[in-house]
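Survey of secondary and tertiary structure
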Protein chains: 2
Amino acid sequence: MSAYLELCRQAKRHHNLRHLLTFAAIDRATVMPPKGGEARAEAMAELEGMLHRESRDPAMADLLRAAEAEPLDAAERANLREIQRGHRLALAVPDSLVESRVRATARCEAGWQLQRPANDWQGFLENFREVVRLARSEARHLADASGLAPYDAMLDLYEPGVRSAELDLLFGDLRGWLPGLVQKVRDRQSSERVLAPAGPFTAEAQRALNRAVMERLGFDFEAGRLDTAVHPFCGGVQDDIRVTTRYREADFLHSLYATIHETGHARYEQGLPREWPGQPIALPRSMGIHESQSLAFELQLGLRKSFVEFLAPLIASHFGPQDAFEPENLHRHLTRVAPDKIRVDADELCYPAHVMLRYTIERALIEGEIEPEDIPALWDEQMRDLLGVDTRGDYRDGCLQDTHWAEGVFGYFPCYTLGAIYAAQWFACIQREAPELDSRIVSGDFSAVVGWLDRAIWSQGSRWETRELVTRASGEPINPAHFRAHLEARYLG
Amino acid sequence: MSAYLELCRQAKRHHNLRHLLTFAAIDRATVMPPKGGEARAEAMAELEGMLHRESRDPAMADLLRAAEAEPLDAAERANLREIQRGHRLALAVPDSLVESRVRATARCEAGWQLQRPANDWQGFLENFREVVRLARSEARHLADASGLAPYDAMLDLYEPGVRSAELDLLFGDLRGWLPGLVQKVRDRQSSERVLAPAGPFTAEAQRALNRAVMERLGFDFEAGRLDTAVHPFCGGVQDDIRVTTRYREADFLHSLYATIHETGHARYEQGLPREWPGQPIALPRSMGIHESQSLAFELQLGLRKSFVEFLAPLIASHFGPQDAFEPENLHRHLTRVAPDKIRVDADELCYPAHVMLRYTIERALIEGEIEPEDIPALWDEQMRDLLGVDTRGDYRDGCLQDTHWAEGVFGYFPCYTLGAIYAAQWFACIQREAPELDSRIVSGDFSAVVGWLDRAIWSQGSRWETRELVTRASGEPINPAHFRAHLEARYLG
């Protein structure tokens, strides 16, 4: 067997084994009873540890070198590039650090579950210091192996190829015009009258509506499910994708739009290429590209007037008629801009501020410029500067609101705003190609959107590095001008 | 590290990894969408294959020899015995055979899903021949390694220590008195008037009743769940046990008694010893002992008049009052004896006949005395002889009704009747210890039953071989006289 084929065999094996971790995690997040957590954590750590050790195997380095010299076609080269990347990342971080991190983040995350509702920042800090210490160590190891700065090395885990220098430019651009836009929109909306839908809406009726919308969006229920979880997510494998959402009886739109968001992630996974089963080339490109799919569904498509016109009768058929379901009113309700404390509840215009604030803090934290105890003051200051919101003393809905840092995930937050910028760029292309777009959307025909995303993104898997994928898809590298044009058109047009 | 401790470390590792297989299988049986099957099968086969290869590792033989010579206490010796057994069984069967069997049984089982409803015995036979060929080969390998006869070697997988010679004696005993008893009971019941409960009973109300009964039976919902599956089962790990049942709107008792049965399995698992986490000594003793727990709950406890008296008001509170829910009538309905075609729907008196018939056939099949195409004629003949039921031409509810053989499981069926015999033996002890048993059961106090089972069986794990466990628990080896006395008291008393 050629070295390349042997590497593919190993990649498929790891893909198979990771399948079991994926569904163990999904079961945990959707149905596992409370006492099941300990045994589950041990079982998952056992296999994760084994996979990490195997990915570091010195024999792999020999195979990789040998495969480099073999005659491979372009797709095989791309696959080899991704296999090499996995080996390089695994090699950079010692087993002992992985194990310590698993333990420290499990402890910190479990504590956070209780400390957040109790507004207990000091209690959180006790576990969190160790998480930060280990994350810095991980970042240093990754930096040593890659030559990148520590935070850039962490960013690279989620958005390969993106550096903070580029983020500084992108976010600098946003900071230049977004606050002014938010103010202008708020002034304009202050005189608008908006009716809020009046609940309660039973979870059962909400679930039926969510399923109906997922079906219209082309989600294949033979190859996936809709379940319930505390924090909505999408996970699984191409032919078995689990979308989750949560239900608040007072507000069905929260659940519906979380479902639309996750359905975007899901269709990306269901639409990945089938030519290379279990190979990294067949996996999603990056987390920023992944978020661009969910946000293409939730924001670009989901908040279009034409989509709300499509949605309104479906909503009425599930909950009975209400004046608030009139499309014009519903759209106004859905696009209401109101700075507030919580990221996951933020509107399209305020969301980037939540991301930029976290980016600034987590970068400084990983680079050692600040310490964990400095976070609340920085948080309060930036929330005031960026959104005019006062979070002092409120850790619960301030710096304790997310689970990412407790889980040792530093460098992911920027992907949300990269995704929003990419999604606007995709829709600029889609609109150019399909001038009749909105009249088709009103009638529930999303083929122009789905067809473009499938062709340009889903079917490409990880064949191209992100910058090339973006250029091939849209004719240019990432360009925030489309995001700005989109927001101005939607909110001031 | 001592050789023994190294073996324990490996056992714990396999326990952790098997956890992932267990929950992948539970997810598959409860919620997995149809297209997810292929990737799931590949993922599970990958890890199963790896565990099998590791269990055969020659280094293990050295460790086992070294551990034998180490100073171990009685519990450690028992644990070593179980580790040795696992190694011996794995060593006996070559990897290639395991792989072929996985593929052949997956194909046969998938075909069976369609062939059974179509009454297509010939179609089934095409896949089933290969399953039998591989099962015979497996039995031969196990026989060569153990010195047992081929079928005994298969039996030993599920009920270690039991041989067909012993089963012939036990079943011979049953054959001597059971048909006459069935006839006597049927004559007696023929003049009884029984009201059947009148449905429909919604699945939601049934689920609520099932959960209420599980709670009264002491099932810990913090450490488990009740879910829905096509074939009810119980699976998981000690702190996360999944009980499943199914719902027929016309008949809530089917679902309720399946739930009570599986709750017996579940409480065994939840009650296993905690001193040796992840070690084989802490696992259930055998499948016959396992079935003795489910049948202790379903038949011994569940069909007692006092239990039905306890149950009746609970049923009425979930479905509203009905004359049929009057305890005397309900008990008559539940203990109605009527020979019929389907094993899983059989009553307490007819069930052993279904098992004995399968035992006769599967033993002859594995020993090479008959061929797969001989099954229907033998089936029809024995159904007529043992139960007076005509199954000619009806493969669907005849020899195609079970999934065991399609899955390559030969040697399991006897465990159901061993379990029924053991369960009667346990209750003879419980009754001796607790003369007030029934008045306590009426009031929902099951502590005498649960306390005895916990002390005698659950907390013992696999510390003793089955014969010793049975003798320690009940003062004698397996004795069908208790089963006979129980049936005569219940049905003729």
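Structure shown above.
So, here's what we can say about the structure.

Criteria and thresholds
- Residue indices follow the written sequence of each chain, beginning from 1 at its first position.
- Here chains are named by letter from A upward and ligands by number from 1 upward, in the order in which they appear as written.
- Since the coordinates come from a predicted model, pLDDT governs what is reported: local features require at least 70, and pairs of side-chain atoms require 80 or more to be given and counted, while whole-chain, interface and lining totals use all residues.
- Side-chain metrics rest on all non-hydrogen atoms present in the structure, leaving aside hydrogens and water.
- Secondary structure counts use DSSP, requiring at least four H or I residues in a row for a helix and at least two E residues in a row for a strand, with both numbered from the N terminus.
- It is over C-alpha atoms that the radius of gyration is taken, and the globule rule equals 2.2 Å times the number of residues to the power 0.38.
- Contact between two residues is taken to exist if any of their heavy atoms lie within 4.5 Å; hydrogens are not considered.
- Only the protein chains shown count as cover for residues, with accessible areas throughout obtained via the Shrake-Rupley method and a probe of 1.4 Å.
- Note on classification: 1.4 Å probe, protein chains only; a residue is buried when its accessible area is under 20% of the maximum for its type, exposed when over 50%, partly exposed between these limits.
- Note on geometry: axes are lines fitted to C-alpha atoms, helical ones only across the stretch in contact, with angles between N-to-C directions running from 0 to 180 degrees.
- Small angles under 35 degrees read as roughly parallel and large ones over 145 as roughly antiparallel, with 65 to 115 read as roughly perpendicular and the rest as oblique.
- Whether a crossing is left-handed or right-handed is set by the direction in which the near helix is turned from the far one by less than a right angle, anticlockwise for left-handed and clockwise for right-handed.
- Polarity classes work like this: nonpolar for Ala, Val, Leu, Ile, Met, Phe, Trp, Tyr, Cys and Pro, charged for Asp, Glu, Lys and Arg, and polar for all others, with Gly in that last group.
- Each residue after the first adds 1.5 Å to the expected span of a helix.
- N or O atoms within 3.5 Å of each other form a polar contact, as long as, within protein, one can give a hydrogen and the other can take it, and as long as residues adjacent in sequence are counted only when both atoms are side-chain atoms.
- Superposition of the copies was done by least squares, using only C-alpha atoms of residues whose pLDDT is at least 70 in both.

Regarding the overall build of chain A
Regarding its fold elements, chain A presents 20 helices and 3 strands. The C-alpha radius of gyration computed for chain A amounts to 23 Å, which stays within 12% of the reference 23 Å derived for 493 residues, consistent with globular compactness. Viewed in the frame of its principal axes, chain A has a C-alpha envelope of about 65 × 50 × 45 Å. Taking the contacts inside chain A whose residues are at least 6 apart along the sequence as the reference set, 73% of them involve residues at least 24 apart. For chain A, the exposed area adds up to about 20,000 Å²; of that, 50% sits on carbon and sulfur atoms.

Remarks on the environment of Cys108(A)
All names here are of chain A. Counting through the fold element by element, Cys108 comes out in helix H5 (residues 95-115). When its relative accessible area of 0% is taken as the criterion, Cys108 is described as buried. Remark: the alpha-carbon pair of Cys108 and Thr403, spanning 295 residues in sequence, is separated by 9.6 Å. If we ignore the near neighbours within four places in the chain, the residues touching Cys108 are Phe124, Asn127, Phe128, Val131 and Ala406.

Quick notes on the packing of helix H9 (residues 203-216) of chain A against helix H12 (residues 305-319) of chain A
All names here are of chain A. Contact pair H9 / H12: the axes reach a minimum separation of 9 Å and the direction vectors enclose 150 degrees. Between H9 and H12, the angle falls in the class roughly antiparallel. Where H9 crosses over H12, the handedness of that crossing is right-handed. Between H9 and H12, the contacting residues are Ala205, Gln206, Ala208, Leu209, Ala212, Val213 and Arg216 on the first element and Phe310, Leu311, Leu314, Ile315, His318 and Phe319 on the second. Here the residues of the contact of H9 with H12 are counted per class, giving 10 nonpolar, 2 polar and 1 charged.

Describing helix H10 (residues 252-270) of chain A
Residue and element names in this part refer to chain A. Taking 1.5 Å per residue, 19 residues should reach 27 Å; H10 reaches 26 Å between its end C-alpha atoms and fits that length. Counting buried positions over the 19 residues of H10 gives 19, a clear majority of the element. By the N-cap criterion, in which a side-chain oxygen at the helix start approaches the backbone nitrogen of a residue two or three places on, H10 is capped by Asp251, the distance to Leu253 being 3.0 Å.

Focus: the relation of the copies chain B and chain A
Mapping chain B onto chain A leaves a residual RMSD of 0.0 Å; the transformation is a rotation of 180 degrees accompanied by 0.1 Å of translation along its axis. One copy is carried onto the other by what is essentially a two-fold rotation axis. When C-alpha distances to the rotation axis are compared across chain B, the minimum falls at Leu20(B), with a value of 3.0 Å. The overlap is high: 100% of the interface residues of chain B also sit at the interface in chain A, so the same surface is used on both sides.

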